[in-house]
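Observations on chain architecture
Here are the chains, one letter per residue:
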Amino acid sequence: MPKIVILTGAGISAESGLGTFRDEGGLWAQHRIEDVATPEGFARNPQLVVDFYNARRAQAAEATPNAAHVALAQLEAAMPGDVLIVTQNVDGLHEKAGSSNVLHMHGQLDSALCAACDHRWEATLKMTVGQTCPACNQPTARPDIVWFGEIPYYMEEIEIRLSKADIFAAIGTSGNVYPAAGFVQAAAAYGALTVELNLEPSLVVSQFDETHFGPASETVPKWVEGLLNA
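Right, let's walk through the structure included here. Here the residue numbering is sequential within each chain, running from 1 through the sequence in written order. Given that this is a predicted model, residues contribute local features only at a pLDDT of at least 70 and side-chain atom pairs are listed and counted only at 80 or more, while totals for whole chains, interfaces and linings are drawn from all residues. Excluded from the side-chain calculations are hydrogens and water; all other atoms, namely the structure's heavy atoms, are used.

What to know about the overall build of the chain
- Only DSSP runs of H or I with at least four residues qualify as helices, and only runs of E with at least two residues qualify as strands; both kinds are numbered from the N terminus onward. For the chain, the count of helices and strands is nine helices and nine strands.
- Radius of gyration: over C-alpha atoms. The globule rule applied is 2.2 Å multiplied by the number of residues raised to the 0.38 power. Over its C-alpha atoms the chain spans a radius of gyration of 18 Å, differing by no more than 12% from the 17 Å that the globule rule assigns to 230 residues.
- If one aligns the C-alpha atoms of the chain with their principal axes, the spans along those axes are about 55 × 35 × 30 Å.
- Partly exposed residues are those whose accessible area sits between 20% and 50% of the maximum for their type, while under 20% is buried and over 50% is exposed, using a 1.4 Å probe and protein chains only. Put simply, the chain has 230 residues, and 47% of those count as buried.
- Residue contacts are counted whenever heavy atoms from the two residues lie within 4.5 Å of one another. Within the chain, contacts between residues separated by at least 24 positions form 64% of all contacts whose residues are at least 6 apart in sequence.
- Calculation of accessible area relied on Shrake-Rupley with a 1.4 Å probe; when residues are assessed, cover is drawn exclusively from the protein chains displayed. In the form shown here, the chain has an accessible surface area of approximately 10,900 Å², with 52% of it arising from carbon and sulfur atoms.

Next up, the structure:
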């Protein structure tokens with residue numbers, strides 16, 4: 001039974017109504033990344049950042065998984081312990097679809113983080129500036145999101161799993177955000193078959209052995225069906 005590592009990006013959640021960085025008119029289009037997705041932005045204007053993530057949290061709470069999320073959950077159920085989802089998304093739709101073996105390398109909207117002691121707890125739907133940490137009682141709560149300039153979570157574990165993978169697939173990723181964009185090169189170096197499933201070719205498409213282009217809700221179920229029938 002093959003060991004599979006799957007990287008997912010914003011493209012897999014777009015069909016569930018959650019916008020990407022590039023969507024016109026969406027939340028990201030209304031703000032500069034420097035203002036809402038960096039430690040410096042949070043230091044300058046914490047209210048703006050908290051409000052931004054409150055809006056994203058509310059959106060994610062209302063969103064439902066699409067056929068791509070469901071197909072990956074079915075793949076995990078059919079291959080217990082051999083399918084790992086590494087997601088750049090913070091929305092929790094993989095878990096809503098039934099996946100349990102998920103690493104959120106960029107954090108989660110439904111989690112709060114203490115900037116003083118690193119304690120994590122379930123975020124309220126609306127966080128407030130100066131919210132108190134339940135562990136150290138300091139007013140240093142922030143969204144548990146990995147911002148630009150910060151180190152993504154689980155990097156050592158991801159490296160180990162990439163080294164053992166028979167198949168590495170990237171779904172709905174642009175290929176311009178590192179370190180995730182480098183996973184395909186690492187997986188290939190360890191001997192994995194590499195697969196890209198995307199609406200359009202990513203910036204690192206030439207590094208994949210196999211490609212499937214189109215909406216994730218169409219390409220991912222077909223790919224999963226092929227794996228399960230192989």
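Points about the side chain of Thr194
- The topology assignment puts Thr194 in strand S8 (residues 193–198).
- The exposure class assigned to Thr194 is buried, which follows from its relative accessible area of 0%.
- A polar atom in the side chain of Thr194 sits 3.5 Å from the backbone oxygen of Gln207.
- In this structure, Thr194 is in contact with Phe168, Val184, Ala187, Ala188, Gln207, Phe208, Asp209 and Glu210, ignoring residues within four places of it in sequence. Distance and chemistry together define a polar contact, namely a pair of N or O atoms within 3.5 Å, with one atom able to donate a hydrogen and the other to accept it when in protein, and with adjacent residues in sequence counting only for side-chain atoms on both sides.

Things to note about the pairing of strand S4 (residues 107–114)
- Most of S4 is tucked away: six of the eight residues are buried.
- Across four bridges, S4 lies against strand S6 (residues 141–145) in antiparallel orientation. Note on S6: the bridge partner recorded for Leu113 is Arg142.
- With three bridges connecting them, S4 and strand S5 (residues 120–122) associate as antiparallel partners. Of the residues in S5, the one forming a bridge with Leu113 is Arg120.
- The loop that links S4 with its antiparallel partner S5 comprises five residues; one of these, Asp118, has a positive phi angle of about 70°. Two strands are counted as paired when DSSP detects at least two bridges linking them.

A closer look at the sheet that holds S4
- Across the sheet, three strands lie side by side as S5-S4-S6; this open sheet has antiparallel pairing. Where the open sheet ends on each side, the last strands, each with one partner, are S5 and S6. With direction set aside, neighbouring strand axes in the sheet form an average angle of 45°. Fitted lines through C-alpha atoms serve as axes, helices being fitted only where they are in contact, and the angles separating the N-to-C directions of these axes extend from 0 to 180 degrees.

Section: the packing of aromatic side chains
- Aromatic pairs are defined between Phe, Tyr and Trp rings, using the six-membered ring for Trp, whenever the two ring centres lie within 6.5 Å; interplanar angles under 30 degrees are classed as stacked, those over 60 as edge-to-face, and all others as tilted. Considering all chains together, one arrives at four aromatic pairs under this definition.
- Between the aromatic rings of Phe52 and Tyr53, the centroid separation amounts to 4.9 Å while the plane-to-plane angle is 90°, which identifies the pairing as edge-to-face.
- Given the relative accessible area of 1%, Tyr53 is considered buried.
- Taking the centre distance of 6.3 Å and the plane angle of 40° together, the rings of Tyr53 and Trp147 count as tilted. Separated by 94 residues along the polypeptide, Tyr53 in helix H4 (residues 46–62) and Trp147 in the loop between S6 and helix H7 (155–164) bring together distant segments of the chain.
- Taken together through their ring pairs, the aromatic side chains of Phe42, Phe52, Tyr53 and Trp147 make up a single cluster.
- Over the face of the ring belonging to Tyr153 we find Arg120, whose NZ or CZ atom lies 4.7 Å from the ring centre. Only lysine NZ and arginine CZ atoms are considered, and such an atom sits over a ring when it is within 6 Å of the ring centre and within 35 degrees of the ring normal.

Here's the deal with the sheet that holds S8
- Read from one edge to the other, the open sheet built from six strands follows the order S3-S2-S1-S7-S8-S9, with strand pairing classed as parallel. Both edges of this open sheet fall to strand S3 (102–104) and strand S9 (210–213), since each of them pairs with a single strand only. Strand-to-strand twist in this sheet, taken as the mean axis angle between neighbours without regard to direction, amounts to 15°.
- Here strand S1 (residues 4–8) runs beside strand S7 (residues 167–171); their pairing, made up of five bridges, is parallel. Counterpart to Ile6 in the pairing with S7 is Ala169.
- Seen against the sheet, helix H5 (residues 67–78) touches S1, strand S2 (83–87) and S7 and runs at an angle of roughly 160° to S1.

With respect to the state of the cysteines
- Defined by distance alone, a disulfide is two cysteine sulfur atoms within 2.5 Å. Here the structure, examined in full by the defined rule, presents zero disulfides.
- Cys114 takes part in no disulfide bond, and the closest cysteine sulfur, belonging to Cys136, lies 3.6 Å away.
- When its relative accessible area of 0% is taken as the criterion, Cys114 is described as buried.
- As a non-bridged cysteine, Cys133 has Cys114 as the owner of its nearest cysteine sulfur, 3.7 Å distant.

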